[in-house]
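Structure assessment
Listed below are the residues making up each chain.
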Amino acid sequence: MLILGIDTSCDDTSVAVVRNGTEVLSNIVSSQNVIHEKYGGIVPELACRKHLEIINFVTEKALKDAKVKFGDLDSIAVTRGPGLVGALLIGMMTAKSLAYVYNLPLLGINHLEAHIYANFLEFSSLRPPFVSLVISGGHTDLIYFHDFEQYKILGRTRDDAVGEAFDKVAKFLNLGYPGGPVIDRLSPKGDAGKIRFPRPFLGKSFDFSFSGLKTAVVNYVSSQKGNYSVADIAACFQQSVIEVLAKKAINAAKEMKVGKIVLGGGVSANSALRKYLKAEAAKNRIKTYFPGLSLCTDNAAMIACLGYYKMKKYYKNKKDRCFSLSQLDLNVEPNLKIEENFNFNET
Ligand code: KG4
Ligand code: ZN
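Treat the numbers as computed from the prediction; the structure is a model and nothing was measured. (Residues numbered from 1 in each chain as written. Chains lettered and ligands numbered in written order. Predicted model: local features only at pLDDT ≥ 70, side-chain atom pairs only at ≥ 80, totals over all residues. Heavy atoms only, no water.)

Brief notes about a nonpolar patch on the surface
Threshold: A patch consists of residues exposed above 30% relative accessible area that lack any salt bridge, with like charges linked at up to 9 Å and nonpolar side chains (Val, Leu, Ile, Met, Phe, Trp, Tyr) linked at up to 5 Å. The Shrake-Rupley method, run with a 1.4 Å probe sphere, supplies the accessible areas, and residue values consider only the shown protein chains as cover. Here, a salt bridge means any side-chain nitrogen of Lys or Arg that lies within 4 Å of a carboxyl oxygen of Asp or Glu. Only DSSP runs of H or I reaching four residues or more are called helices, and only runs of E reaching two or more are called strands; each is numbered from the N terminus. The classification of residues rests on relative accessible area computed with a 1.4 Å probe and restricted to protein chains. Under 20% of the type maximum is buried, over 50% is exposed, and intermediate values are partly exposed.
Among the surface-exposed residues, Y100, V101, Y102 and L328 lie close enough to one another that they form a single nonpolar patch of about 430 Å² accessible area. If you trace the backbone, Y100 turns up in helix 3 (residues 85-102). Residue Y100 is classed as exposed on the basis of its relative accessible area, which comes to 62%.

Set out below in structure tokens:
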């Protein structure tokens with residue numbers, strides 16, 4: 001089954017072709033970082049205009065690189081949310097037009113859910129149940145993934161998303177945008193034990209809170225009167241974040257009695273987190289799964305991958321109401337979340 005994936009949720013325009021949910025034939029990502037970096041964050045209007053300008057070229061390149069034609073496709077999967085409304089609309093309208101012209105089923109995909117599914121592209125033998133940590137620019141979700149499309153939400157951020165905290169701290173330190181990769185690269189040059197920033201664990205809760213940590217960085221800088229090392233601050237901030245993420249993910253896996261933690265979203269590209277979580281989880285006999293770097297950040301292959309699982313389920317049970325095949329009334333949902341749809345008591 002050949003699926004075309006389209007993602008324009010934020011500032012990357014991405015189109016991919018994936019065969020049978022596992023084989024990535026093409027995965028084109030056109031980044032807009034150069035446009036937004038001078039503003040220190042994403043400017044929605046500029047993001048939309050750029051998506052509109054290049055979506056057709058990116059789509060053509062994805063098909064060309066995959067050596068397939070529109071007529072070879074079995075369906076089109078497009079991000080319906082969450083994201084910037086204007087940006088989402090460009091992908092949605094492109095997908096609808098193609099679905100209409102080529103008479104293909106159209107699948108609306110939850111971008112956050114797709115970040116988890118990136119792991120099925122990377123690890124073909126990975127099977128649920130597992131605990132998943134979705135850490136992106138706008139979301140921090142700790143989820144029990146019971147089975148395909150059966151989730152229990154264990155915790156979420158109460159304020160800033162973890163990627164947002166990286167971006168805001170980097171902006172405050174004049175390190176540029178996006179902040180995560182810069183802090184990741186700079187941290188090894190600093191001493192991660194130099195400053196003891198808070199570890200916001202929030203007791204036994206699986207929720208997260210990163211805004212206090214961000215404020216602690218601001219307070220530290222103003223207390224030092226110019227006498228500080230940016231590399232030390234980056235390293236200590238990052239250390240605090242990764243310890244919180246690792247501890248909560250490991251505790252969640254223990255509580256849910258699963259031996260696997262599956263990461264997804266841009267922040268899972270963080271090299272220190274990958275190393276630290278792997279080592280800490282191993283001490284508890286828990287295996288960690290991180291997508292390859294290009295599948296951590298936004299990409300359309302993960303959208304097509306989740307589309308494949310939806311198509312498979314559709315063919316099994318055509319009455320399932322969560323599918324809207326060829327539904328041209330499908331709309332974008334900028335505030336979409338991962339829905340909790342699994343309850344232990346009902347099993
Ligand atoms: O998943 P993603 O590409 O887009 C969203 O869905 O939001 O995540 C983007 C976020 C940004 O906040 C960026 O700073 C962060 O992921 N990020 C990183 C790294 N690479 C990207 N954060 C920490 N370390 C990285 N290496
Ligand atoms: Zn994302």
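Picking up where we left off.
Observations regarding the coordination of the zinc ion (ligand 2)
Heads up, the condition is: Distances up to 2.8 Å from the metal define which N, O and S atoms are donors, and 3.2 Å serves for Na, K and Ca; water is absent from the atom set, so sites may look incomplete.
For the zinc ion (ligand 2), every protein donor is listed as H111 (NE2), H115 (NE2) and D298 (OD), and the spread of their distances is 2.0 to 2.1 Å. Each donor residue of the zinc ion (ligand 2) belongs to the same chain, with the gaps between them written as H-x3-H-x182-D. Of this pair, H111 and H115 both sit in helix 4 (residues 111-122), separated by four residues, roughly a single helical turn. Judged by relative accessible area, which is 5%, H111 ranks as buried. Accessibility expressed as a relative area gives 0% for H115, which makes it buried.

A closer look at the site of ligand 1
The line we're drawing: Residues are counted as near a molecule or strand when any one of their heavy atoms sits within 4 Å of it. We call two N or O atoms a polar contact when they sit within 3.5 Å, provided that within protein one can donate a hydrogen and the other can accept it, with sequence-adjacent residues counted only if both atoms are side-chain atoms. Charged residues are taken to be Asp, Glu, Lys and Arg, nonpolar residues to be Ala, Val, Leu, Ile, Met, Phe, Trp, Tyr, Cys and Pro, and polar residues to be all remaining types, Gly included. Where each domain begins and ends is defined by an automated method or by a domain database.
Taken together, 19 residues surround ligand 1, and among them G137, D167, G180, D184 and G266 come closest. A distance of 2.8 Å is found between an oxygen atom of ligand 1 and a backbone nitrogen or oxygen belonging to G137. Separating an oxygen atom of ligand 1 from a backbone N or O atom of G180 is a distance of 3.0 Å. Within the complex, 89% of the 550 Å² of free accessible area of ligand 1 lies under protein. For the shell around ligand 1, the secondary-structure elements that each account for two or more residues are helix 4, helix 5 (162-172) and helix 6 (179-186). Considering every element that reaches the shell around ligand 1, the biggest residue donor is helix 6, with four residues. Its residues placed into classes, the shell around ligand 1 shows four nonpolar, 12 polar and three charged. Here the shell around ligand 1 gathers at least three residues from each of two domains, domain 1 (2-115 + 296-336) and domain 2 (127-291).

A few points about the nonpolar core
The following threshold applies: What we call a nonpolar core is a set of buried Ala, Val, Leu, Ile, Met, Phe, Trp, Tyr and Cys residues that are connected through their side-chain atoms within 4.5 Å. Every residue pair with non-hydrogen atoms within 4.5 Å of one another is taken to be in contact.
Ranked by internal contacts, the top residues of the largest apolar core, which has 49 residues, are L142, F197, F237 and L245. Elements with a minimum of two residues in this core: strand 6 (130-135), strand 7 (140-147), helix 5, helix 6, helix 7 (211-223), helix 8 (230-255), strand 9 (260-264) and helix 9 (271-283). Among the elements that take part in this core, helix 8 stands out by supplying 14 residues, more than any other. Not counting chain neighbours up to four residues away, the residues in contact with F237 comprise A165, F166, V169, I183, F197, L213 and V217. A16, L295, A304 and L306 belong to the second largest nonpolar core, which has 34 residues in total.

Thoughts on the packing of aromatic side chains
What describes a pair of aromatic rings is the distance from one ring centre to the other and the angle between the planes of the rings. Filter applied, for reference: Planes of paired rings set the category: under 30 degrees apart is stacked, over 60 is edge-to-face and the rest tilted, where pairs are Phe, Tyr or Trp rings (Trp by its six-membered ring) whose centres lie within 6.5 Å. Two thresholds decide whether a charge sits over a ring: the Lys NZ or Arg CZ must be within 6 Å of the ring centre and within 35 degrees of the ring normal.
Applying the stated rule across the entire model yields 19 aromatic pairs. Centre to centre, the rings of F120 and Y309 are 5.6 Å apart; their planes meet at 50°, and the pair counts as tilted. Of the two residues, F120 sits in helix 4 while Y309 sits in helix 11 (residues 301-316), which places them 189 residues apart along the sequence. Exposure remark for F120: the relative accessible area of 1% places this residue in the buried category. Relative accessible area serves as the criterion here: at 13%, Y309 is assigned to the buried category. Chaining the aromatic ring pairs together yields one cluster made of Y117, F120, F130, F145, F148, Y151, Y308 and Y309. For K247, the ring lying beneath its charged end belongs to F201, and the centroid distance is 4.7 Å.

Notes on the sheet that holds strand 5 (residues 106-110)
Selection rule: Note on pairing: DSSP must find at least two bridges between two strands before they are called paired. Simply put, an axis is a line fit to the C-alpha atoms, just over the touching stretch for a helix, and the angle between two N-to-C directions goes from 0 to 180 degrees.
One open sheet accounts for five strands, arranged 3-2-1-4-5; its pairing is mixed. Each of the sheet's edge strands pairs with one partner strand only, and the pair in question is strand 3 (23-31) and strand 5. In this sheet, neighbouring strand axes are inclined to one another by 20° on average, regardless of whether the strands run parallel or antiparallel. Pairing analysis gives four bridges linking strand 1 (residues 2-7) to strand 4 (residues 75-81), with the strands arranged parallel. The residue of strand 4 that forms the bridge with G5 is A77. Against the sheet, helix 4 makes contact with strand 1, strand 2 (12-19), strand 3, strand 4 and strand 5, and its axis sits at roughly 95° relative to strand 5, the strand it touches most.

Quick look at the domain arrangement of the protein
How we decide: In short, buried area is how much 1.4 Å probe accessible area vanishes from two parts on joining, totalled over both.
With domains assigned, the protein is organised as domain 1 (2-115 + 296-336) and domain 2 (127-291). Computed over C-alpha atoms only, the centres of domain 1 and domain 2 are separated by 27 Å. Each partner contributes residues to the interface: domain 1 has 18 residues there, and domain 2 has 18 residues. Between domain 1 and domain 2 the total buried area reaches about 1,400 Å² when both faces are included, carbon and sulfur atoms providing 62% of it. If you sort the residues of domain 1 by the area they bury against domain 2, L112, H115 and C296 come out on top, with a joint share of 40%. Counting across the domain 1 and domain 2 interface gives two salt bridges. Here domain 1 is connected to domain 2 by four residue pairs in polar contact (both at pLDDT 80 or more). Listing elements by their share of the side of domain 1 that touches domain 2, those giving two or more residues are helix 1 (33-36), helix 4 and helix 11. A per-class count over the side of domain 1 that touches domain 2 returns seven nonpolar, six polar and five charged.

Concerning the pattern of salt bridges
Using the criterion set out here, one finds 16 salt bridges in the structure. R80 is paired through a salt bridge with E333; the nearest N and O atoms lie 2.4 Å apart. One end of the pair, R80, is in strand 4; the other, E333, is in the segment after helix 11, with 253 residues separating them in the sequence. Here D232 makes a salt bridge to K194, at a shortest N to O gap of 3.1 Å. Pair noted here: D232 is in helix 8 and K194 is in the loop between helix 6 and helix 7, with a separation of 38 residues, a long-range link. According to the relative accessible area criterion, D232 is buried, its value standing at 10%. K194 sits in the exposed class, given a relative accessible area of 55%.

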